[in-house]
Amino acid sequence: MGKGTVHDPEAVAGGPDTGASSAEDAATGLGSELVRFSRLISASRQRAKFEQGAGERVLLARLVRDGAQRATDLAAATLLDLSTVSRQVRSMVERGLIERHPDPEDGRGTLLHPTEDGIAAFEAYRRQRDAELTQLLQPWSPEDRYQLIRLMARLNDDLAQHQITRHDPGNHSGSVAQQGASKHD
């Protein structure tokens, strides 16, 4: 592991006793770990594509957590192509996981709502994910688990804020940042 990584305290600037590193060294270590994390997540997503219901998990999470919305807004919020979202929506409507209702603000449009079965499917996905993470984190100390959550939340908050200000300094509701803004997926 390189400078700034937590797994190699001897390499961290400031030594193993302080657990400190310069912002520059931390950026280098974090950058390397984020690339590694992204690759692991990408590999996991590739495997998940072959699992039944993999594509609907993100869409159901948005609808359950954020409430009814149009397919175009759902696509923007999840950073997915509208044609992909449309296919998934059609499948989920046919299977009774979501319903279409007229948009009360614009009768020409429709809002997507999760059904009771859709909410149950989302909760089942969440329980499965949580069970896998529980197994992964079991050997960690309670303090390490707490710090992981605290620091990941802080990093996500800072990344979301950075995306908002970077993409549109005058607008505080950028859809790219909103994708990462949720704490309850």
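Residues numbered from 1 in each chain as written. Predicted model: local features only at pLDDT ≥ 70, side-chain atom pairs only at ≥ 80, totals over all residues. Heavy atoms only, no water.

S.K.: Talk me through the nonpolar core; I want residue IDs and the actual numbers.
M.R.: Leu 60, Leu 74, Val 85, Met 92, Ile 98 and Leu 112 are the most contacted members of the largest nonpolar core, which has 15 residues in total. For this core, the secondary structure elements donating two or more residues are helix H3 (54-66), helix H4 (71-78), helix H5 (82-94) and helix H6 (116-137). At four residues, the largest contribution of residues to this core is made by H3. Setting aside its immediate chain neighbours within four residues, Leu 112 contacts Leu 63, Ala 68, Gln 69, Arg 70, Ala 71, Leu 74, Val 89, Ile 98, Glu 99 and Arg 100. (Core = buried A, V, L, I, M, F, W, Y, C linked by side-chain atoms within 4.5 Å. Buried < 20%, exposed > 50% of the residue type's maximum accessible area, 1.4 Å probe, protein only. Helix = DSSP H or I, 4+ residues; strand = E, 2+ residues; numbered from the N terminus. Contact = heavy atoms within 4.5 Å.)

S.K.: Account for the side chain of Thr 78, naming residues and giving values.
M.R.: Mapped onto the secondary structure, Thr 78 falls in helix H4. Residue Thr 78 is classed as buried on the basis of its relative accessible area, which comes to 6%. At 2.8 Å, the side chain of Thr 78 forms a polar contact with the backbone oxygen of Leu 74. (Polar contact = N/O pair within 3.5 Å; in protein donor to acceptor, adjacent residues only side chain to side chain.)

S.K.: Go over the pattern of salt bridges, please, and point to the residues and values.
M.R.: For side chains of opposite charge, pairing can occur when their charged atoms come near one another. Tallied over the full model, the rule gives eight salt bridges. Taking the shortest distance from any N to any O, the salt bridge between Arg 129 and Asp 130 comes out at 2.9 Å. Relative accessible area serves as the criterion here: at 33%, Asp 130 is assigned to the partly exposed category. Among the charged side chains, a salt-bridge network with shared partners connects Arg 70, Asp 103, Asp 106 and Arg 108. (Salt bridge = Lys/Arg side-chain N within 4 Å of Asp/Glu carboxyl O.)

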